[in-house]
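Read off the chains here:
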Amino acid sequence: MCSVVGIYNNQNASKLAFYSLFAMQHRGQEAAGISANYNGKIHTIKDRGLVTQIFKEEHFEILKGNMAVGHTRYSTAGDDSILDAQPVFAKYGLGEISIVHNGNLVNAKEIRDELIKRGAIFQSNMDTENLIHLIAKNYEKPTLKERIIDAVKKIKGAFSLIIMSRTKMFAIRDPFGFRPLSLGKLKSGGYIVASETCAFELVGAEFIRDIKPGEMVVFENGEIKSEMIFEPTTKQCVFEYIYFARPDSNVFGKNVYVVRKEMGRELAKELPVKADMVIPVPDSGVAAALGYSEESGIPFEMGIMRNHYVGRTFIEPTQEVRDLKVKMKLSPIMDKIKGKRLVVIDDSIVRGTTSRRIVRMLKEAGAKEVHMRIASPATIGPCYYGVDTPTKEELIASRMSVDEIKDYIEADSLAYLSIDGVVRAIKDKKENFCFACFDDNYPIL
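The following paragraphs examine the structure supplied in this document. (Residues numbered from 1 in each chain as written. Predicted model: local features only at pLDDT ≥ 70, side-chain atom pairs only at ≥ 80, totals over all residues. Heavy atoms only, no water.)

## Examining the nonpolar core
Side chains of a nonpolar character, in soluble globular proteins, are inclined to be buried together. Within the largest apolar cluster, 50 residues are counted, with the highest numbers of intra-cluster contacts made by Tyr241 and Met263. Contributing elements (two or more residues each) for this core: helix H8 (239–244), helix H9 (256–270), helix H10 (286–296), strand E20 (341–346), helix H16 (419–426), strand E23 (433–434) and helix H17 (436–439). The contact partners of Met263, leaving out residues within four places of it in the chain, are Tyr241, Ile242, Ala375, Leu417, Val422, Ala425 and Ile426. Ranked by size, the runner-up nonpolar core spans 32 residues in total, among them Ala108, Leu134, Ile163 and Val218. (Core = buried A, V, L, I, M, F, W, Y, C linked by side-chain atoms within 4.5 Å. Buried < 20%, exposed > 50% of the residue type's maximum accessible area, 1.4 Å probe, protein only. Helix = DSSP H or I, 4+ residues; strand = E, 2+ residues; numbered from the N terminus. Contact = heavy atoms within 4.5 Å.)

Laid out in structure tokens, this is it:
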């Protein structure tokens, strides 16, 4: 899970890319970067850290031009190294190129090994660099567009890509459409492509449509052209609705906040419990908790407060950092919860350690009962399509029953929303979504 953005045909391209990445910072907090095209010359600035920590006003003197691509990193492939930050820039036979990628390639090692046999020298450990070599070494195809099409037909997995050359920009989505990618028109001129529509309002852009699964959109000479380069088999990531996307974004044609609230309603229908208060685990549990409260009639309260200067714990790379951040991030409001029977709504349970800390914290603060309700099915399998979920052995639901997990997290009861409940909340066809982390049914391996 990363964020990507592309700005085309706007003189403030790099600044608009910066603001877009800021709006999508929740998708990755390890590193960020921007490449800008000025008169056919591409300049790149990237570093570890948050967008606002990396980019200073003087950087935009370097990042001039009317085209830019940007990226925030959440590592799913590669290492925590500046070499593994994006954009990936290279000079090659046809000129200069810069690529940003959200997703994960399942055949990355196979392709890399073959490229190394052919003499390729890699500068990073990330799968995205494979694309640079596939494009650069394709001497049979005379144009960049043909080389890109050949390259993406060799890779397998999840990819929402934006590729910038000296004169063009390309936006491509894999045939399954695992990761979101949307197209907008900037009021100040030109176009924007971004992982989430929450970036559009900030930069003054009007949503046009989603890039389709299997589609390539080409930006050239001030115009856009579309071409289907894959036969689509839509399997969009349902976890975008559950956790990743910002609530004000429209993802896969639906508003995230509305879907999450409906998940809460379905949770209340499927898994009722007698209680005095519904409280969310902030922030990703808030919308579902509101839906649960409205459907059940149990009052909603913010019984846990979040310190917003602490980032998202799920996307931290180590358990030690995750545990520390949970302590720093969440605090109970004792006067609200003391002596109360609580329904605690969270978006998911992955390893179980965070949930156990939350239950203990609430009971130490005086809660009479703590009933955990999870607005998604149990996570039983890792994701290979751009989510750094741990191995199957580390996923608590893959090795414990619901009752065993309940005992482990020390809750009075525990229940998960069903897959059918998620589908009802989305109000779309089940076959259009990937539920692999919940049912072990992987579209591609």
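## Section: the pairing of strand E4 (residues 67–73)
For E4, the tally of buried residues reaches seven of seven residues, placing the bulk of the element in the interior. In this sheet, E4 lies alongside strand E2 (residues 31–38) in antiparallel orientation, the contact comprising seven bridges. Residue pairing across strands places Ala31 opposite Arg73, the latter belonging to E4. (Pairing = 2+ DSSP bridges.)

## Overview of the packing of aromatic side chains
Per the stated rule, a full pass over the model turns up 19 aromatic pairs. Relative to Phe433, the ring of Tyr241 lies with its centre 6.1 Å away and its plane at 50 degrees, an arrangement referred to as tilted. Taken together, the residues Tyr241 in helix H8 and Phe433 in strand E23 connect sequence positions 192 residues apart. Across the pair, exposure class does not vary: Tyr241 and Phe433 are buried alike. Connected via pairs of aromatic rings, a cluster forms that spans Phe176, Phe178, Tyr384, Tyr385 and Tyr442. Stacked on the ring of Tyr38, the Lys or Arg Lys64 has its end atom at 5.9 Å from the ring centre. (Phe/Tyr/Trp six-rings, centres within 6.5 Å; stacked < 30°, edge-to-face > 60°. Lys NZ or Arg CZ within 6 Å of the ring centre and 35° of its normal.)

## Re the pattern of salt bridges
Per the stated rule, a full pass over the model turns up 25 salt bridges. A salt bridge links Glu220 to Lys168; its shortest N-O distance comes to 3.6 Å. Within this pair, whereas Glu220 is found in strand E12 (residues 215–220), its partner Lys168 is found in the loop between strand E7 (157–164) and strand E8 (169–173), the two being separated by 52 residues in sequence. Since its relative accessible area comes to 32%, Glu220 is described here as partly exposed. What makes Lys168 partly exposed here is its relative accessible area of 22%. Taking the shortest distance from any N to any O, the salt bridge between Arg209 and Glu215 comes out at 2.7 Å. Judged by relative accessible area, Arg209 falls into the partly exposed class, the value being 26%. Glu215 gets classed as buried once you look at its relative accessible area, which sits at 1%. Because the salt bridges share partners, they merge into one network encompassing Lys261, Glu262, Arg265, Glu294, Glu295 and Lys427. (Salt bridge = Lys/Arg side-chain N within 4 Å of Asp/Glu carboxyl O.)

## Description of the sheet that holds strand E13 (residues 223–228)
Sheet strands associate in pairs through backbone hydrogen bonding, adopting either a parallel or an antiparallel arrangement. The antiparallel open sheet is built from six strands, whose spatial order is E5-E6-E7-E8-E12-E13. Among the strands making up the open sheet, the edge pair consists of strand E5 (88–92) and E13. Geometrically, the sheet is characterised by an average inter-axis angle of 20 degrees between neighbouring strands, direction not taken into account. By the bridge criterion, six bridges tie E12 to E13 in an arrangement that is antiparallel. When the bridges of E13 are listed, Met216 appears paired with Glu227. (Axes fitted to C-alpha atoms, helices over the stretch in contact; angles between N-to-C directions.)

## Quick notes on the sheet that holds strand E11 (residues 205–210)
On the basis of which strands lie adjacent, the open sheet formed by seven strands has the order E3-E2-E4-E1-E10-E9-E11 and antiparallel pairing. Either end of the sheet is taken by a strand with one partner, and the two such strands are strand E3 (41–48) and E11. Neighbour to neighbour, the strand axes of the sheet diverge by 15 degrees on average, direction disregarded.

## With respect to the side chain of Lys261
As for its position among the elements, Lys261 is in helix H9. Within polar-contact distance, the side chain of Lys261 engages the side chain of Glu294 at 3.0 Å. With sequence-adjacent residues up to four places away left out, Lys261 is seen in contact with Ala287, Ala288, Leu290, Gly291 and Glu294. (Polar contact = N/O pair within 3.5 Å; in protein donor to acceptor, adjacent residues only side chain to side chain.)

## Some points on unusual backbone geometry
If a residue is not glycine, its phi is most likely negative; likewise, a peptide bond is most likely trans. Looking along the chain, the bond that leaves Gln86 and enters Pro87 is cis, with omega of 10 degrees. Looking at where Pro87 falls in the secondary structure, it is placed in the loop between E4 and E5. Omega for the peptide link from Pro282 to Asp283 comes to 0 degrees, which places this bond in the cis form. Locating Asp283 in the fold gives a position in the loop between strand E17 (277–280) and H10. The phi torsion at Asn9 lies on the positive side, around 65 degrees, for a residue other than glycine. For Asn9, a relative accessible area of 35% gives the class partly exposed. Although it is not a glycine, Phe252 sits at a positive phi angle of roughly 55 degrees. Tracing the backbone shows Phe252 in the loop between strand E15 (250–251) and strand E16 (254–255).

## Digging into the pairing of E12
In terms of burial, E12 is a largely internal element, five of the six residues being buried. Taking the residues between adjacent antiparallel strands as the criterion, E12 and E13 are bridged by two residues, where Asn221 takes a positive phi near 55 degrees.

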